[in-house]
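Summary of the model geometry
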Amino acid sequence: MTKGSRPTAVLASLGLVLAAALALAGGAGQSASAPQGLKQSWLRQASQPATASEFIRPARPRPAAEARYVPGRVVVRFDADLRAREFRSLAREAGAIAVRRPSWADFHYVEIPPDADPVAAAERLRAQPGIARAEPDPIVRPLWRPNDQYFNLQWHLQRVGMEEAWELNQGGSSRITVAVIDSGVAFVNQGAFAQAPDLAGTRFVPGYDFIWDDDVPTDTDGHGTHVAGTIAQTTNNSVGLAGIAFNVGIMPIKVLTSDWDEENNAPNPPSMSVLARGIRFAVDHGARVINLSLGADAESFTVESALRYAVGQGAFVAAAAGNSGDEGNAPEWPGAYAKDIDGMMAVGAVDYNLERAPYSTHRDYVEIAAPGGDNDADQNDDDYGDGILQQTLDPDYQERGIFNRFAYMFYQGTSMATAHVSALAALLMDQGITNPAAVEAAIKRFASHKPPGGRSDDLGYGVIDPRASLLGLGLAK
Ligand SMILES: [Ca+2]
Ligand SMILES: [Ca+2]
Ligand SMILES: [Ca+2]
């Protein structure tokens with residue numbers, strides 16, 4: 001148990017002591033006591049069949065997130081020897097109104113008035129003895145850059161030689177679970193939610209919805225379903241599209257929100273601390289690979305701690321580098337942690353020519369590149385923008401709150417690139433590599449398009465080469 005982390009029993013008694021001064025909210029329990037919201041009632045509706053159109057469309061731009069931090073909250077790790085009396089005075093000092101420890105966490109939420117400045121409150125808390133860490137909770141958003149052109153070929157699989165790689169390992173196996181920590185996945189037919197038709201043959205393992213607090217992490221956005229498709233779209237079934245590691249198990253974990261989630265008052269925000277809990281859940285439920293096609297513009301000890309826990313438990317992590325390469329090139333977390341963590345890689349995006357896509361963030365933490373697409377280009381002359389094509393929610397219906405209509409959608413972004421690396425890691429794990437650092441080493445060492453000097457901020461150590469990485473492990477065929 002790390003410094004500042006406490007067993008539940010101690011926390012519960014701390015809360016009771018503080019009850020006079022602070023309202024005590026929640027505890028470390030799971031969903032049994034979670035409030036039931038609109039989503040849970042939609043899950044209980046009579047099921048309707050999924051419908052898939054053959055339309056091929058680009059995704060529409062989404063508005064940028066406005067707030068930088070979740071209001072009304074500071075994330076805190078207490079010193080292990082903190083006494084209740086000391087805490088009462090420091091919480092009052094920081095204007096706290098409640099304290100609770102969420103599930104799958106090694107930290108607490110100190111709740112403050114919704115109009116209070118969480119940055120200032122965290123600063124006040126940090127200055128107090130007995131507080132090991134305190135920070136505002138950065139908002140997390142998906143990393144993709146949709147625009148409005150069309151495309152209908154999976155050039156991104158051909159350009160990295162997937163057909164040749166599949167001769168060595170045809171899509172991995174059910175021994176490997178990949179956690180897709182995202183906006184959820186259209187993985188099940190239940191109530192108002194349907195499974196994407198081209199995920200019908202894909203294997204799913206139980207995950208969790210950290211936004212709505214239930215164990216049916218359906219997708220109300222489309223991003224997570226698209227990412228899951230690149231990893232394990234049902235393949236060789238004569239319909240739809242292919243994925244890379246199509247025999248692995250997908251563990252859907254929802255930590256990102258859609259407009260529908262927010263308009264219908266989903267109880268939890270898409271924040272770094274929520275992401276940290278999702279990572280820990282995935283690791284503790286057997287995920288060997290964790291896909292993080294998301295980012296925030298500020299760091300968080302909660303996520304860094306969860307990432308180190310993940311690789312320490314034998315899970316490889318792939319995280320998007322960011323999509324601000326042509327808009328200020330600011331760093332994104334968790335991607336920026338990757339250069340200091342063996343077994344976690346930050347992924348940049350390349351276009352059809354396997355050169356850095358314009359939006360792909362190019363900083364010192366980029367370690368590998370993979371196709372993320374460029375809908376503004378048509379370098380293969382097929383009259384479609386060069387995006388990454390997978391099946392996901394049809395946005396014409398999704399935006400009206402209809403979650404059983406699907407279409408083939410072009411997305412672009414380091415999100416899409418990250419899915420390629422997660423899938424490759426799953427194939428390598430399936431070959432018997434058990435150490436995430438060894439997976440990272442194999443992906444780096446056997447990359448193609450290695451930059452002069454071995455590494456660049458644009459591509460990291462180069463572009464993934466799945467066949468070479470599999471062969472590099474001594475596999476021959
Ligand atoms: Ca298919
Ligand atoms: Ca690394
Ligand atoms: Ca094209």
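Cut-offs used in this document
- Residues numbered from 1 in each chain as written.
- Chains lettered and ligands numbered in written order.
- Predicted model: local features only at pLDDT ≥ 70, side-chain atom pairs only at ≥ 80, totals over all residues.
- Core = buried A, V, L, I, M, F, W, Y, C linked by C-beta atoms within 7 Å.
- Buried ≥ 20, exposed ≤ 12 C-beta atoms within 10 Å, placed from the backbone.
- Domains from an automatic or database assignment.
- Contact = placed C-beta atoms within 7 Å.
- Helix = DSSP H or I, 4+ residues; strand = E, 2+ residues; numbered from the N terminus.
- Expected span 1.5 Å × (residues − 1).
- pLDDT = per-residue confidence, 0-100.
- Axes fitted to C-alpha atoms, helices over the stretch in contact; angles between N-to-C directions.
- Parallel < 35°, antiparallel > 145°, perpendicular 65-115°, else oblique.
- Left-handed = near helix turned anticlockwise from the far one by under 90°.
- Nonpolar A, V, L, I, M, F, W, Y, C, P; charged D, E, K, R; others polar.

Structural notes on the nonpolar core
The biggest cluster of nonpolar side chains holds 136 residues, and the ones touching the most others in it are Val178, Val180, Ile231, Ile290, Val317, Val347 and Val421. Taken domain by domain, this core gets at least three of its residues from each of domain 1 (8–30 + 71–135) and domain 2 (141–472). If sequence neighbours within four positions are ignored, Val421 has contacts with Ala318, Met345, Val347, Ile368, Ala370, Ile443 and Ile464.

So, helix α9 (residues 272–284)
Look at α9: 18 Å from first C-alpha to last across 13 residues, which is about the 18 Å you get at 1.5 Å a residue. Within α9, 12 of the 13 residues are buried, which leaves the element mostly enclosed by the surrounding structure. Structurally, α9 contributes buried residues whose contacts are with β3 (73–78), β8 (177–182), β10 (208–209), β11 (249–254), β12 (289–292) and α10 (301–312). Backbone geometry just downstream of α9 places Gly286 in the positive-phi region, at approximately 95°.

Some remarks on the environment of Thr177
Examined against the element boundaries, Thr177 turns out to sit in strand β8. Under the C-beta neighbour-count criterion, Thr177 is labelled buried, with 23 such atoms within 10 Å. Expressed as a C-alpha distance, the spacing of Thr177 and Asp430, which sit 253 residues apart in the sequence, is 9.9 Å.

Examining the confidence of the model for the chain
When pLDDT is averaged across the chain, the result is 85; 85% of the residues are at 70 or more. Predicted confidence for residues 1–33 stays below pLDDT 50, and this span has 54 contacts to residues more than four positions away or in other chains. Confidence over residues 143–151 falls short of pLDDT 50; this stretch has 48 contacts with residues more than four positions distant or in other chains.

Regarding the packing of helix α12 (residues 414–430) against helix α13 (residues 436–445)
With their axes 10 Å apart at the nearest point, α12 and α13 run at an angle of 115° to one another. In terms of axis orientation, α12 runs roughly perpendicular to α13. As for the relative orientation of α12 and α13, their crossing is right-handed in sense. Along the contact surface, α12 presents Val421, Leu424, Ala425, Leu428 and Met429, while α13 presents Val439, Ala442 and Ile443. Split by residue class, the contact of α12 with α13 holds 8 nonpolar, no polar and no charged.

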